[in-house]
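Structural overview for review
Listed here are the chains, written in short residue letters.
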Amino acid sequence: MYGERYMDTPQENPEGYEETNLRNLAGNLKGRLLMIHDDMDNVCVPQHTLSFIKACIEAGSYPDLFIYPGHEHNVRGVERVHLHEKITRYFEEHL
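Everything in this summary refers to the structure shown in the same document.

Here we come to the overall build of the protein. Within the protein one finds four helices and two strands. Put simply, the protein runs from its N terminus to its C terminus through helices and strands in the order α-α-β-α-β-α. Overall size of the protein, expressed as C-alpha extent along the three principal axes, is 40 × 30 × 20 Å. In the protein, of all internal contacts separated by at least 6 residues, the share reaching a separation of at least 24 is 62%. Approximately 7,100 Å² of the protein is accessible, and the part contributed by carbon and sulfur atoms is 55%. When the 9 positive and 16 negative side-chain charges of the protein are each reduced to one mean point, those points stand 6 Å apart.

In structure tokens, the structure reads:
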């Protein structure tokens, strides 16, 4: 949804989509990367995250992925505290 809002469709802007495709950069990952995703997100769909993870595997890079089950676009409720603690711990341990 957001990609097409700002970049038109892949058919109308193939160069733009190719230039911004993070899968092409998966092998350039240096240091640590934490990816956090909701499993029911219909804005930033999980398929995009999974396709990037697959590209990282193929490229031999190792991002960290954490999934929040049962959430749509944003983690809410008690689990939001967990989310912020997760991010804080990651920074303390790795960055």
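There's plenty left to go through after this.
Before going further, it helps to examine the pairing of strand β1 (residues 34–38). Strand direction decides the pairing type here: β1 and strand β2 (residues 64–68), joined by five bridges, are parallel. Bridge pairing in β2 links Asp38 to Tyr68. As a crossover connection, the stretch from β1 through helix α3 (residues 46–59) into β2 is right-handed.

Turning our attention to α3. A turn of α-helix holds 3.6 residues, and therefore any two residues three or four places apart point the same way. Between its terminal C-alpha atoms α3 stretches 20 Å, which fits the 20 Å expected from 14 residues at 1.5 Å a residue. Regarding α3, the residues found buried are Pro46, Thr49, Phe52, Ile53, Ala55 and Cys56. On its buried face, α3 is in contact with β1 and β2. Downstream of α3 by a residue or two, Gly60 has a phi angle that is positive, lying close to 80°.

Attention now moves to the layout of surface pockets. A volume near 760 Å³ is recorded for the largest pocket. Residue lining of the largest pocket: 23 residues in total, with Gly3, Thr20, Val45, His48 and Thr49 positioned closest to the centre. Secondary-structure elements contributing two or more residues to the lining of the largest pocket are α1 (2–7), β1 and α3. Across the lining of the largest pocket, the residue classes break down as 13 nonpolar, eight polar and two charged.

Quick look at unusual backbone geometry now. Despite not being glycine, Asp8 shows a phi value in the positive range, around 65°. Along the chain, Asp8 turns up in the loop between α1 and α2 (14–19). Here the phi dihedral of Asn74 falls at roughly 120°; this positive angle occurs in a residue that is not glycine. Structurally, the position occupied by Asn74 is in the loop between β2 and α4 (78–94). Its relative accessible area of 32% is what places Asn74 among the partly exposed residues.

So, on to the nonpolar core. Of all hydrophobic cores here, the largest spans six residues; its members are Ala26, Met35, Phe52, Ile53, Ala55 and Cys56. It is α3 that provides the largest number of residues to this core, a total of four residues. Not counting the four nearest positions on each side in its chain, Ala26 is found in contact with Phe52, Ala55, Cys56, Ala59 and Ser61.

What counts as what
Residues numbered from 1 in each chain as written. Predicted model: local features only at pLDDT ≥ 70, side-chain atom pairs only at ≥ 80, totals over all residues. Heavy atoms only, no water. Helix = DSSP H or I, 4+ residues; strand = E, 2+ residues; numbered from the N terminus. Contact = heavy atoms within 4.5 Å. Areas by Shrake-Rupley, 256 points an atom, 1.4 Å probe, with all protein chains shown as cover. Lys, Arg positive; Asp, Glu negative; His and termini not counted. Charge placed at Lys NZ, Arg CZ, Asp CG, Glu CD. Pairing = 2+ DSSP bridges. Right-handed = clockwise from strand over helix to strand, strands pointing away. Expected span 1.5 Å × (residues − 1). Buried < 20%, exposed > 50% of the residue type's maximum accessible area, 1.4 Å probe, protein only. 1 Å grid on protein atoms, 1.4 Å probe; cavity = no way out; pocket = protein on both sides within 12 Å on 5 of 7 lines; lining within 4 Å. Points joined across faces, edges and corners; volume = space filled by probe spheres on them. Nonpolar A, V, L, I, M, F, W, Y, C, P; charged D, E, K, R; others polar. Core = buried A, V, L, I, M, F, W, Y, C linked by side-chain atoms within 4.5 Å.

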